Amino acid sequence: MATSSAPGALDRLRATRVWKSIFRRGPARTNRTRSLAVFGNLFLHFLPVKVREKSLRVRASYYLGSISFLLFIILTVSGVLLMFYYHPAAPQAYRDMKDLRFVVSNGVFLRNIHRLAAQLMVLAVFWHMFHVFYRGGYKPPHEFNWVVGVVLLIVTLFLSYTGYLLPWDQLAFWAITVGTNILSAMPIIGKTVRFESLGGNVVGANALLRFYVLHCVVLPLIAIVFIAVHFWRVQKDGGLTVREGDDGKQP
Amino acid sequence: MSDSNDKVAGQQKESVPPKSGGTRRDFLGEIAAGALGIAGLGSMVVTYQYLSPNVLFEPPTTFRAGNPDLYPMDSVTFLLEQQVYIVRTAQGFYAVSAVCTHLGCVTQWKPEDNLIECPCHGSKFQSDGTKVAGPAPRPLPHFAISLTADGELSVDKLEIVGANQALKV
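Everything quoted here is computed from the prediction, not taken from an experiment.

**Notes on the overall build of chain A**
Next up, step 1: Within chain A, the secondary structure is distributed over 12 helices and zero strands.
Next up, step 2: Ordered by position from N to C terminus, the α and β elements of chain A give α-α-α-α-α-α-α-α-α-α-α-α.
Next up, step 3: Radius of gyration (C-alpha) of chain A: 23 Å, far over the 18 Å computed for a compact globule of 251 residues.
Next up, step 4: With the principal axes as the frame, chain A shows a C-alpha extent of 70 × 45 × 30 Å.
Next up, step 5: Counting all 251 residues of chain A, 31% fall into the buried class.
Next up, step 6: Counting every atom, chain A has about 15700 Å² of accessible surface; 68% of that belongs to carbon and sulfur.
Next up, step 7: The average position of the 28 basic charges and that of the 11 acidic charges among the side chains of chain A differ by 6 Å.

As structure tokens, then:
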């Protein structure tokens, strides 16, 4: 990775005072300075500075966790952009959704990418879980991170479900009616949980606003915290689970 | 830090053995933790109260269904806004809920089949609410129906009555 030839533009940039004041060091030419570059960066410090080559092979992970995270980033960006045109109010929400599809420039692209990425993320997270499970990735010392992953799976499902109401169409309305009636089947607390999550007895304006706040603020914040812990624990628990055959040779 | 403090305290009152309740510092610490705990619990309770709406803008549970003459004999009339069927038979009037007892979808009266059918999961009911088919666990409930002083039908959706109670007009 290090260039031994004449320093390029990037190397000259890295030697400047401004670069050094931001990143606290110059070009990373040795393993030590490369490690320090990762340690000293807020966005990288919870990632490992060294990984086993085996664990980078496609068959070790199929990059399913990274794909899930990438989809989460896509969903965050496209979701924030959709929020600029969306009012979480009945019946304005439905009109805003129609406007996004037919009036707003590139709105249909953003809406579709948000919807598709959401469906793919549920798929990727499930596939990730099954892959980790069948490789025995839940075994010590990874058992805590497995539990964090299960929480992330549940948060993903809740994000998917709360987002389902926001178009405020017939599909959304009846899906939430049916789903919250399933909630009310819980013993003792069921009726209360349904009332609190809808903010009433029927799927109405209160329910739309509640699901919007959960979808856009509460659940993403929970997801970000747990994703950070999840990544950090991968490193602290000694990297990915590697098995014989991950390097492509027959065991 | 606590070690050095203990040493100072010990030097000042060597003759007094430490009481079982611990030091004053421990006591104050417990008081502070207890106060914080109560405040935390209290804030959770008031947040829960805050999130429970006191006023709802939902359709009223008691409504007037108009003059009985509006409903012909042996008819089932769906009131969309109230989600109730007004059924008139030779026995009299009764009000049947249109909300499926399975998962809360609104059912539809199908005159060609003489059945009330749910579009979500296929439950079917007779016009008196009795279940015929599908996953619904209970028959459709009957609501209390009465006549007002000026001769209109009045339905109270909060009062469930037996299926044999019909209003004779």
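**Let's talk about the overall build of chain B**
Next up, step 1: The secondary structure content of chain B amounts to two helices and 10 strands.
Next up, step 2: Within chain B, the proportion of its 169 residues that are buried is 29%.
Next up, step 3: Within chain B, counting contacts between residues at least 6 apart in sequence, those at least 24 apart form 37% of the total.
Next up, step 4: Within the structure as shown, chain B displays about 11200 Å² of accessible surface, and the carbon and sulfur contribution to it stands at 57%.

**Brief notes about the sheet that holds strand β1 (residues 62-66) of chain B**
Residue and element names in this part refer to chain B.
Next up, step 1: Spatially, β1-β10-β9-β4-β3-β2 is the arrangement adopted by the six strands of the open sheet, whose pairing is antiparallel. Only two strands of the sheet have a single neighbouring strand rather than two, namely β1 and β2 (75-79). For this sheet the average axis-to-axis angle between neighbouring strands, irrespective of direction, equals 30°.
Next up, step 2: By the bridge criterion, six bridges tie strand β3 (residues 84-89) to strand β4 (residues 92-97) in an arrangement that is antiparallel. The partner of T89 across the bridge, within β4, is G92.

**Here's the deal with the interface of chain B and chain A**
Next up, step 1: On the chain A side, the residues contacting the 11 residues of chain B number 14 residues.
Next up, step 2: Interface of chain B and chain A: buried area, both sides summed, is about 990 Å²; carbon and sulfur atoms make up 63% of it.
Next up, step 3: Along the contact surface separating chain B from chain A lie zero salt bridges.
Next up, step 4: At the junction of chain B and chain A, the tally comes to six residue pairs in polar contact (both at pLDDT 80 or more).
Next up, step 5: Of the residues in the side of chain B that touches chain A, the class split is seven nonpolar, three polar and one charged.

**A word on the pattern of salt bridges**
Residues and elements named next belong to chain A.
Next up, step 1: One pass over the structure, following the stated rule, counts five salt bridges over all chains.
Next up, step 2: Between D11 and R14 there is a salt bridge, with the nearest N and O atoms lying 3.8 Å from each other. With D11 and R14 both in helix α1 (residues 9-14), this residue pair falls three residues apart, about one helical turn.
Next up, step 3: The partly exposed category is assigned to R14, whose relative accessible area is 25%.

**So, the packing of helix α9 (residues 143-165) of chain A against helix α12 (residues 205-236) of chain A**
Residues and elements named next belong to chain A.
Next up, step 1: Across the interface, α9 lies against α12 with an axial gap of 9 Å and an inter-helix angle of 160°. In terms of orientation, α9 and α12 fall into the roughly antiparallel class. Crossing handedness for the pair α9 and α12: left-handed.
Next up, step 2: Residues belonging to the contact of α9 with α12 are distributed by class as follows: 21 nonpolar, six polar and one charged.

**Some thoughts on helix α7 (residues 92-102) of chain A**
Every α-helix carries 3.6 residues per turn, so stepping three or four residues along brings you back to the same face.
All names here are of chain A.
Next up, step 1: Turning to α7, its buried residues are A93, D96, M97 and L100. Taken end-on, α7 shows its buried residues confined to a sector of 100°, consistent with a single buried face.
Next up, step 2: Lining the buried residues of α7 we find α6 (64-83), α8 (107-134) and α12.

**Some words on the state of the cysteines**
Residues and elements named next belong to chain B.
Next up, step 1: Inspection of the entire model under this criterion finds one disulfide over all chains.
Next up, step 2: Linked covalently through their sulfurs, C105 and C120 form a disulfide whose S-S length is 2.0 Å. Every disulfide takes its handedness from the sign of the S-S torsion; for C105 and C120 that torsion is -90°, giving left-handed. With a gap of 15 residues between them, C105 in the loop between β4 and β5 (108-110) and C120 in the loop between β6 (115-117) and β7 (124-125) connect regions that are remote in the sequence.

**Digging into the confidence of the model for chain B**
Residue and element names in this part refer to chain B.
Next up, step 1: In this model, chain B carries a mean pLDDT of 87, and residues with pLDDT of at least 70 account for 88%.
Next up, step 2: Within chain B, the element-level pLDDT minimum falls on helix α1 (residues 2-12), averaging 49, and the maximum on helix α2 (residues 24-51), averaging 95.
Next up, step 3: Across residues 1-5, confidence stays below pLDDT 50; counting only partners more than four residues off in sequence or on other chains, it has one contact.
Next up, step 4: Quick note on the complex model: pTM equals 0.83, ipTM equals 0.76.

**Observations concerning the packing of aromatic side chains**
Each aromatic ring pair is characterised by the separation of its centres together with the angle its planes make.
Next up, step 1: Per the stated rule, a full pass over the model turns up 15 aromatic pairs over all chains.
Next up, step 2: Taking the centre distance of 6.1 Å and the plane angle of 80° together, the rings of Y71 of chain B and F93 of chain B count as edge-to-face. Of this pair, Y71 of chain B sits in the loop between β1 and β2 while F93 of chain B sits in strand β4, and the two are 22 residues apart along the sequence. Of the two residues examined, Y71 of chain B and F93 of chain B, each falls in the buried class.
Next up, step 3: Taken together through their ring pairs, the aromatic side chains of F126, F130, F133, Y134, Y138 and W146 of chain A make up a single cluster.

Thresholds, definitions, all that
Residues numbered from 1 in each chain as written. Chains lettered and ligands numbered in written order. Predicted model: local features only at pLDDT ≥ 70, side-chain atom pairs only at ≥ 80, totals over all residues. Heavy atoms only, no water. Helix = DSSP H or I, 4+ residues; strand = E, 2+ residues; numbered from the N terminus. Rg over C-alpha atoms; globule rule 2.2 N^0.38 Å. Buried < 20%, exposed > 50% of the residue type's maximum accessible area, 1.4 Å probe, protein only. Areas by Shrake-Rupley, 256 points an atom, 1.4 Å probe, with all protein chains shown as cover. Lys, Arg positive; Asp, Glu negative; His and termini not counted. Charge placed at Lys NZ, Arg CZ, Asp CG, Glu CD. Contact = heavy atoms within 4.5 Å. Pairing = 2+ DSSP bridges. Axes fitted to C-alpha atoms, helices over the stretch in contact; angles between N-to-C directions. Buried area = accessible area lost by both parts, 1.4 Å probe. Salt bridge = Lys/Arg side-chain N within 4 Å of Asp/Glu carboxyl O. Polar contact = N/O pair within 3.5 Å; in protein donor to acceptor, adjacent residues only side chain to side chain. Nonpolar A, V, L, I, M, F, W, Y, C, P; charged D, E, K, R; others polar. Parallel < 35°, antiparallel > 145°, perpendicular 65-115°, else oblique. Left-handed = near helix turned anticlockwise from the far one by under 90°. Arc of directions from axis to C-beta. Disulfide = S-S within 2.5 Å. pLDDT = per-residue confidence, 0-100. Phe/Tyr/Trp six-rings, centres within 6.5 Å; stacked < 30°, edge-to-face > 60°.

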